Amino acid sequence: MSNRNALPGFNLSLGYTLTWLSLIVLIPLSAVFIKAAELSLEQFWVVVTSPRVVASYKLTFGASLAAAAINAVFGLLLAWSLVRYTFPGKKIVDSLVDLPFALPTAVAGIALTALWAGNGWIGSIVEPLGIKVAFTPLGVLLALVFIGLPFVVRTVQPVLEDLEVEIEEAASSLGANRWQTIRQVIFPTLFPALLTGFALSFARAVGEYGSVIFIAGNIPMVSEITPLMIISKLEQYDYRGATAIATVMLVVSFVLLIAINSLQAWTAKRTGKSK
Amino acid sequence: MAGAISLHLTQAHAERYENNPATRESAWVKWTIIGISLTFFTLFLLLPLIVVFYEGLRKGWDAYVAALVEPDALSAVRLTLTAALIAVPLNLVFGVAAAWAIAKFDFPGKSFLITLIDLPFSVSPVVAGLIYVLIFGRTSWLGPWFIDHDMKVVFAVPGIVLATIFVTFPFVARELIPLMEAQGKDEEEASTVLGASGWQTFWHVTIPNVKWGLLYGVILCNARAMGEFGAVSVVSGHIRGETNTMPLHIEIIYSEYKFAAAFAVASLLAILALLTLVIKSFIEWRAGLAAKEEVESSA
C-alpha cells in the first residue's frame, strides 16, 4: 500500500478497524451461513417455504413497502413544510422528526398500541367506524410507518435546502406556472433522494421487531412478521430452522444494502455533491 | 444511517422562499401542505410520545415512583447502564480508529470497508441476536468450551453486551468518516511537519476539529445501546432481576397487564430519547454557528 503520507498510525488504525470488524460483525455473521449449510438444500427449502413463514414474508414485505410509500409521500410534504414555510412550532417539529431514531422500539410499540387499541385515544374514534388497527396487519403497517419516517425526511430535506432559488426563478420567468416548476424542475432533482429515503425506510422496516410485536397481535398466518418467526423457532430450540429463515433475511438485507449504496451514489451525482 | 450533522437553515431561509413570487405557492396550498404535514406529525410522533407519560402517570405519582424503584426495575436500569457503559466506549474507540484510517489515508477497498462497517444497520436486530446464540449457545462450536470453563455468554450479561455492541457498531464511525474526510489532512500534516508526534497531533488537532461530530455519534450510539430490544431479547433469556434490560423489563410487566408500571419505566427511556434530541439540536446549532463564522471570516 502506497502511503506517501506524512501522517502516522495507518497500520495501527486500519489493523484495529479490521480486527474489531471481524470479531464483532463478520465472523458472527458468517456463523449464520455456516450453520445454514448444515441443512440440505431440501430441508432448507422446506423451512423457508412453509406456509406460516411464507405468510410472514407477505406481511413483512407488503407492510414494509406500503409503509415506505406512505413515508415517501408524507415525509416529502413534511420536509417541504420544514424547508419552505414558516409556521409556529417549526423548530420543535424539526427536532422531533428524529424521535423514531432515539426512542427505544419497545417504548414506541407499547405507545402505539395504547393509542390505537379499541380503548385508546385514536382507536376509540376509528374502531366504531369499523377500522380495527391494533392487533391486525394494519397495526404492523402503522408501527413501520413510525420507525421509517425520519429516513425520508432527513434524506429529502438537505437536497431541498441546497436547491438553487435561481433555477425556480428561471422557470418562472420562462412562463412556467408553479405546479409545472415543481413537477418538471424540482421533483426530478429530488427524486433520487426521495427514492433513497424510500429504500432506507423499507430496509429498516423489513428487519424491525420491537415496535411491531406489541401492536401486531402475532396471529399465525395473519399478523406474524418474519423476525418473529425466527424468535418462535428459537423458542422451540429449532436452531436450524431459525438459521434458515435468518439466512433469507440476511440475503435480503445485503441486496437492499447494495441497492441503497448505488442509490446514494446516484443522488450524490444528481445533486453534484461527492460524499 | 441516522445521517450526518445537518446544518439546518434558519427561519430567514424559509421566508426567502415565501417572499419570492417565483418560489411561493398560494396561501391555501401552503396551509394545506402544512396542515397535512402537522396532522401526520401529530398522529405518528407527538401523540405516541405524550401517551407514554400519560399512561405512566395514570395511577398517580406514587404508583409511578413505585414502579421505578421496584428491585426488578432497578436491576434492569443497572444492566442497561452497564451494557451502554461497555458498548459505547468500545465503539467510540473503533469509530475513531476507522475514521482515522479511512479519512486520512488512501488504500484499495475503502468504499467496501465503509459498506462492511454499515452492515449492522441493515441486519435485523433479531438476526443480530441469533448470531451470538449460534456462536456461544449450548449447541454451538464454542459452547462446550465455555461450559467447561463455567462461563455463560448467551442468556447472561456478556451476550447482552455483545449484542449491544453489534447493533451500535456503526454509529460513531458513520458520523466521523464524512466529517474527517471533509476536513482533509492539511492541518495534521502541518502539525507533524512542525514536530508534533502522532498522538499529539491526534489529541490537539484532530479531536478538537471533530469534537461535535464525535459527541453526536456518541449520543446516538448511547440512545440505541440503552434502547435496543430485538437483539438483546434473543440473547437475554429473560431472567428477572438478572438478565433483563429496561426494554425487556417493560415487555415483561406489560405482558402481565401492569400497563401503568410498564409505561412508567418506558417514560424514563422516553426522557432519555428527548434528552438525546435536545443535545442533538444543540450540536446542530453549534455546528451551524461555526459554519456561519467561517463564511463570515472568509468573506
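For clarity, every value in this text was computed on a predicted model and none was experimentally measured. (Residues numbered from 1 in each chain as written. Chains lettered and ligands numbered in written order. Predicted model: local features only at pLDDT ≥ 70, side-chain atom pairs only at ≥ 80, totals over all residues. Heavy atoms only, no water.)

### Quick word on the overall build of chain B
Part 1: Broken down by element type, chain B carries 14 helices and zero strands.
Part 2: If you list the helices and strands of chain B from N to C, you get α-α-α-α-α-α-α-α-α-α-α-α-α-α.
Part 3: Oriented by its inertia axes, the alpha-carbon framework of chain B measures out at about 65 × 60 × 30 Å.
Part 4: Accessible surface computed for chain B: about 13,200 Å², of which carbon and sulfur atoms make up 66%. (Helix = DSSP H or I, 4+ residues; strand = E, 2+ residues; numbered from the N terminus. Areas by Shrake-Rupley, 256 points an atom, 1.4 Å probe, with all protein chains shown as cover.)

### With respect to the nonpolar core
Part 1: I24, W116 and I230 of chain A together with I117 and F166 of chain B are the most contacted members of the largest nonpolar core, which totals 195 residues.
Part 2: Top element by residues in this core is helix α8 (residues 137-162) of chain A. It accounts for 15 residues.
Part 3: When residues no more than four places from it in sequence are discounted, the contact partners of W116 of chain A are I122, G123, V126, V133, A134, L142 and I215 of chain A. (Core = buried A, V, L, I, M, F, W, Y, C linked by side-chain atoms within 4.5 Å. Buried < 20%, exposed > 50% of the residue type's maximum accessible area, 1.4 Å probe, protein only. Contact = heavy atoms within 4.5 Å.)

### Description of empty space enclosed by the protein
Part 1: In total, this model carries four cavities of 30 Å³ or more according to the counting rule given.
Part 2: Computed from the structure, the largest cavity encloses a volume of approximately 430 Å³.
Part 3: Around the largest cavity sit 30 residues that line it, and R204 and E208 of chain A together with F171, R224 and E228 of chain B are the ones nearest its centre.
Part 4: Among the elements of the structure, α5 (99-102) and α10 (178-207) of chain A together with α5 (110-122) and α11 (198-227) of chain B are those that each provide at least two residues to the lining of the largest cavity.
Part 5: Here the lining of the largest cavity gets four residues from one element, more than from any other, and that element is α11 of chain B.
Part 6: When grouped by side-chain class, the residues that make up the lining of the largest cavity number 19 nonpolar, seven polar and four charged.
Part 7: Its boundaries defined by the atoms lining it, the second largest cavity holds a volume of some 50 Å³. (1 Å grid on protein atoms, 1.4 Å probe; cavity = no way out; pocket = protein on both sides within 12 Å on 5 of 7 lines; lining within 4 Å. Points joined across faces, edges and corners; volume = space filled by probe spheres on them. Nonpolar A, V, L, I, M, F, W, Y, C, P; charged D, E, K, R; others polar.)

### Topic: the packing of aromatic side chains
Part 1: Taken as a whole and judged by the stated rule, the model has 28 aromatic pairs over all chains.
Part 2: Between the aromatic rings of F121 of chain B and F171 of chain B, the centroid separation amounts to 4.9 Å while the plane-to-plane angle is 85 degrees, which identifies the pairing as edge-to-face. You can see F121 of chain B sitting in helix α5 and its partner F171 of chain B sitting in helix α9 (residues 171-183), a full 50 residues away along the chain. Here F121 of chain B and F171 of chain B have matching classes, each one buried.
Part 3: Judged by centre distance (5.3 Å) and plane angle (80 degrees), the rings of F136 of chain B and F146 of chain B are edge-to-face. Taken as a pair, F136 of chain B in helix α6 (residues 125-136) and F146 of chain B in helix α7 (residues 143-148) lie far apart in primary sequence, ten residues in all. Of the two residues, F136 of chain B and F146 of chain B, neither departs from the other in class, the shared state being buried.
Part 4: A connected cluster of aromatic rings, assembled from ring pairs, spans Y209 and F214 of chain A together with F229, Y254, Y257, F259 and F263 of chain B.
Part 5: Just above the ring of W80 of chain A sits the side chain of R84 of chain A; from NZ or CZ to the centre is 4.8 Å.
Part 6: Note that R84 of chain A overlies the ring of Y17 of chain B, its terminal NZ or CZ placed 3.8 Å from the centroid. (Phe/Tyr/Trp six-rings, centres within 6.5 Å; stacked < 30°, edge-to-face > 60°. Lys NZ or Arg CZ within 6 Å of the ring centre and 35° of its normal.)

### Structural notes on the interface of chain B and chain A
Part 1: Contacts between the two partners involve 102 residues from chain B, matched on the other side by 100 residues from chain A.
Part 2: Here chain B packs against chain A, burying approximately 9,200 Å² in sum over the two surfaces, 77% of which is carbon and sulfur.
Part 3: By the criterion of area lost to chain A, the three top residues of chain B are F40, F44 and L45 of chain B, representing 7% of everything that side buries.
Part 4: Applying the counting rule to chain B against chain A returns two salt bridges.
Part 5: There are 14 residue pairs in polar contact (both at pLDDT 80 or more) connecting chain B and chain A.
Part 6: Of all the elements, helix α2 (residues 27-56) of chain B adds the most residues to the side of chain B that touches chain A, at 21 residues.
Part 7: Grouping the constituent residues of the side of chain B that touches chain A by class yields 71 nonpolar, 17 polar and 14 charged. (Buried area = accessible area lost by both parts, 1.4 Å probe. Salt bridge = Lys/Arg side-chain N within 4 Å of Asp/Glu carboxyl O. Polar contact = N/O pair within 3.5 Å; in protein donor to acceptor, adjacent residues only side chain to side chain.)

### Things to note about a nonpolar patch on the surface
Residues and elements named next belong to chain B.
Part 1: Taken together, the side chains of L57, W61, V65, V69 and L74 present a nonpolar region at the surface, about 460 Å² in accessible area.
Part 2: If you tally residues by element for the nonpolar patch, the top one is helix α3 (residues 61-69), at three residues.
Part 3: Here V69 lies in helix α3. (Patch = residues over 30% accessible without salt bridge, like charges linked within 9 Å, V, L, I, M, F, W, Y side chains within 5 Å.)

### Thoughts on the side chain of T17 of chain A
Part 1: With respect to the secondary-structure elements, T17 of chain A resides in helix α1 (residues 10-36).
Part 2: The class of T17 of chain A is buried, set by a relative accessible area of 0%.
Part 3: Non-local contacts of T17 of chain A, meaning those with residues more than four positions away in its chain, are made with F94, A97, A98, L113 and I117 of chain B.

### Examining the pattern of salt bridges
Residues and elements named next belong to chain A.
Part 1: Applying the stated criterion across every chain yields a total of 18 salt bridges over all chains.
Part 2: For the salt bridge of R52 with E224, the shortest nitrogen-to-oxygen distance reads 2.8 Å. Here R52, found in helix α3 (residues 51-84), pairs with E224, found in the loop between α11 (210-216) and α12 (226-235); they are 172 residues apart in sequence, far enough to count as distant.
Part 3: Residue classification places E224 among the buried residues on the basis of a relative accessible area of 6%.
Part 4: For the salt bridge of R204 with E208, the shortest nitrogen-to-oxygen distance reads 2.9 Å.

### Re the environment of R16 of chain B
Part 1: Structurally, R16 of chain B can be placed in helix α1 (residues 11-18).
Part 2: Along the sequence, R16 of chain B and H249 of chain B sit 233 residues apart, while their C-alpha atoms lie 50 Å from each other.

### Notes on the packing of helix α4 (residues 71-104) of chain B against helix α13 (residues 246-255) of chain B
Residue and element names in this part refer to chain B.
Part 1: At their nearest, the axes of α4 and α13 sit 8 Å apart, and the two run at 150 degrees to each other. By the angle between their directions, the pair α4 and α13 is classed as roughly antiparallel. Facing α4, whose interface residues are D72, A73, A76, V77 and T80, α13 presents M246, P247 and H249.
Part 2: Among the residues forming the contact of α4 with α13, the class breakdown is five nonpolar, two polar and one charged. (Axes fitted to C-alpha atoms, helices over the stretch in contact; angles between N-to-C directions. Parallel < 35°, antiparallel > 145°, perpendicular 65-115°, else oblique.)

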